[in-house]
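Survey of secondary and tertiary structure
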Amino acid sequence: MTGEKRRQPKYRQIADDLRAAIDAGRYRPGDRLPGENPLAAEHDVAVMTARQALNALKSEGLVESRRGAGFFVRSFTPIRRRSIARLSREQWGSGASIFAADDSRELTAEVDVLGAVTPPKAVARVLGLDGGNAFARSRRHLVDGRPVLLSTSYLPHDLVAGSPITWEDTGPGGIYARLAELGSAPAHFREEVRVRAPSSEEAEGLNLSGATPVVKISRTAYTHDGRAVEVNQMTLDSLAYVLEYGFDA
């Protein structure tokens, strides 16, 4: 046992051991974990300490509790976000959702059309708005009833005003297909990815505890002539996604 592990609270050591067992496949999605009493006996700790360990895994989103039945490994299969294939013109240009490149499960989107807004300064700078308004639309995406993604898209208001992009349902192919119809088809994308703890608003929107990190992705869509036509700021439940990047050498 390392010095670092010795310094950890006992409940954290137990949680780490259980997490390692889950990662190794000893406990698979849907499996029941040992209960508080067996864990307490195995590790020679109080039942309350064993309960803390199980609740720590629950707060991370790895397990769920069922009243009267115990703690079970969450059965949600992570979404494999195919970060390059999903943005190809072949995908959205054919009228398909970019999410369809990631997963075959049905995606439910709760859409909030925000309309003309003053965008964050960083977004305004990228879009070259110079004090002008952006058009914004916010979405919460759910898979199998589980919220997995929050996103807000910002586009130049003068470009999209009156177009289907301002409707709740933007139609086949989504925003990018509609931008193409406006003569501003995306030709290049740039994504910035970072990980941090969720804000209270993000945790509420994704049904997370503060202990579960989120993945923040900011994507900018550019036309052939280099004009930025959309900035999409996304917050992903880190336990719901695998980020996949495939490209030639």
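In what follows, the accompanying structure is described. Bear in mind the structure is a predicted one, so any value in this text is a computation, not a measurement. (Residues numbered from 1 in each chain as written. Predicted model: local features only at pLDDT ≥ 70, side-chain atom pairs only at ≥ 80, totals over all residues. Heavy atoms only, no water.)

Describing the sheet that holds strand S9 (residues 228-237)
As summarised here, the arrangement of the 6 strands in space is S4-S5-S6-S9-S8-S7, forming an open sheet in which the pairing is antiparallel. The two strands at the open ends of the sheet, each matched to only one other strand, are strand S4 (107-117) and strand S7 (188-196). Taking the axes of each pair of neighbouring strands and ignoring which way they run, one obtains an average angle of 15° across the sheet. Relative to strand S5 (residues 134-143), S4 is paired through 10 bridges, and the arrangement is antiparallel. Residue pairing in the sheet places Val117 in a bridge with Ala134 of S5. (Pairing = 2+ DSSP bridges. Helix = DSSP H or I, 4+ residues; strand = E, 2+ residues; numbered from the N terminus. Axes fitted to C-alpha atoms, helices over the stretch in contact; angles between N-to-C directions.)

Let's talk about the pairing of strand S1 (residues 63-66)
Here 4 bridges tie S1 to strand S2 (residues 70-73), and the two strands are oriented antiparallel to one another. Paired with Val63 across the two strands is Val73, which belongs to S2. Two successive antiparallel strands, S1 and S2, enclose a turn made up of 3 residues, where Gly68 displays a positive phi of approximately 75°.

Some details on the nonpolar core
If you look at the biggest cluster of nonpolar residues, it comprises 19 residues, and the most contacted ones within it are Leu18, Tyr27, Leu33, Leu57 and Val63. Excluding residues that lie within four positions of it along the chain, Leu33 makes contacts with Ile22, Tyr27, Leu54, Leu57, Val63, Phe71 and Val73. Leu87, Phe135, Ala185 and Val229 belong to the second-largest nonpolar core, a separate cluster that totals 16 residues. (Core = buried A, V, L, I, M, F, W, Y, C linked by side-chain atoms within 4.5 Å. Buried < 20%, exposed > 50% of the residue type's maximum accessible area, 1.4 Å probe, protein only. Contact = heavy atoms within 4.5 Å.)

Purely geometric numbers; function is a separate question.
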